[in-house]
Amino acid sequence: QVQLVESGGGLVQAGGSLRLSCAASGRTFRDYAMGWFRQAPGKEREVVVGISGRGGTTYYADSVKGRFTISRDNAKNTVYLQMNSLKPEDTAVYYCAAANSLLQFRAAPAYWGQGTQVTVSS
């Protein structure tokens, strides 16, 4: 079992930056691919970014490439999402998630955090 707790959401103006953190507890952190999904009002949940267990492989949705950066610190059991050049369309609840592989992460993560709100004003 893996428990995930997100932090770092908030309100920011367009063009601004936020950093989300996701702290994991439970089983061996480095065994899990990690990342973030988001869900905007009235829309389906979508995958945003993912990173493999040891950090060697990443995935970015086209809508965030060049603006968002995912990283992880396996010594701290934490994954980070640095979000720059934020746009109003980035407004959503952001969910941290974990899976046995990056492929599985993109398909159907096994573990989810409770979500953190990110609001970008125009």
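No experiment lies behind these values; they were computed from the predicted model shown.

Conventions adopted
Residues numbered from 1 in each chain as written. Predicted model: local features only at pLDDT ≥ 70, side-chain atom pairs only at ≥ 80, totals over all residues. Heavy atoms only, no water. Core = buried A, V, L, I, M, F, W, Y, C linked by side-chain atoms within 4.5 Å. Buried < 20%, exposed > 50% of the residue type's maximum accessible area, 1.4 Å probe, protein only. Contact = heavy atoms within 4.5 Å. Phe/Tyr/Trp six-rings, centres within 6.5 Å; stacked < 30°, edge-to-face > 60°. Helix = DSSP H or I, 4+ residues; strand = E, 2+ residues; numbered from the N terminus.

Engineer: For this particular structure, what's the right way to read the nonpolar core?
Structural biologist: Nonpolar side chains tend to gather and get buried jointly when the protein is soluble and globular. Of all hydrophobic cores here, the largest spans 31 residues; its most connected members are Met34, Trp36 and Tyr94. Those residues in contact with Tyr94 that lie beyond four places of it in its chain are Glu6, Leu20, Trp36, Phe37, Arg38, Val48, Phe68, Leu81, Met83, Gly115, Thr116 and Val118. Core analysis: the next-biggest nonpolar cluster, separate from the first, contains seven residues, Ala33, Phe37, Ala97 and Leu102 among them.

Engineer: Which parts of the structure should I look at to understand the packing of aromatic side chains?
Structural biologist: Under the defined criterion, the tally for this structure stands at four aromatic pairs. A ring pair is formed by Tyr32 and Tyr111, whose centres lie 5.9 Å apart and whose planes are at 80°; its orientation type is edge-to-face. Note that Tyr32 is positioned in the loop between β3 (18–26) and β4 (33–39) and Tyr111 in strand β10 (residues 111–112), a separation of 79 residues in sequence. Judged by its relative accessible area of 6%, Tyr32 falls in the buried class. Ring centres of Tyr95 and Trp112 lie 6.4 Å apart, and the angle between their planes is 85°; on these two criteria the pair is classed as edge-to-face. You can see Tyr95 sitting in strand β9 (residues 92–99) and its partner Trp112 sitting in strand β10, a full 17 residues away along the chain. Residue class for Trp112 comes out partly exposed when judged on its relative accessible area of 33%. Connected via pairs of aromatic rings, a cluster forms that spans Phe37, Tyr95, Phe105 and Trp112.

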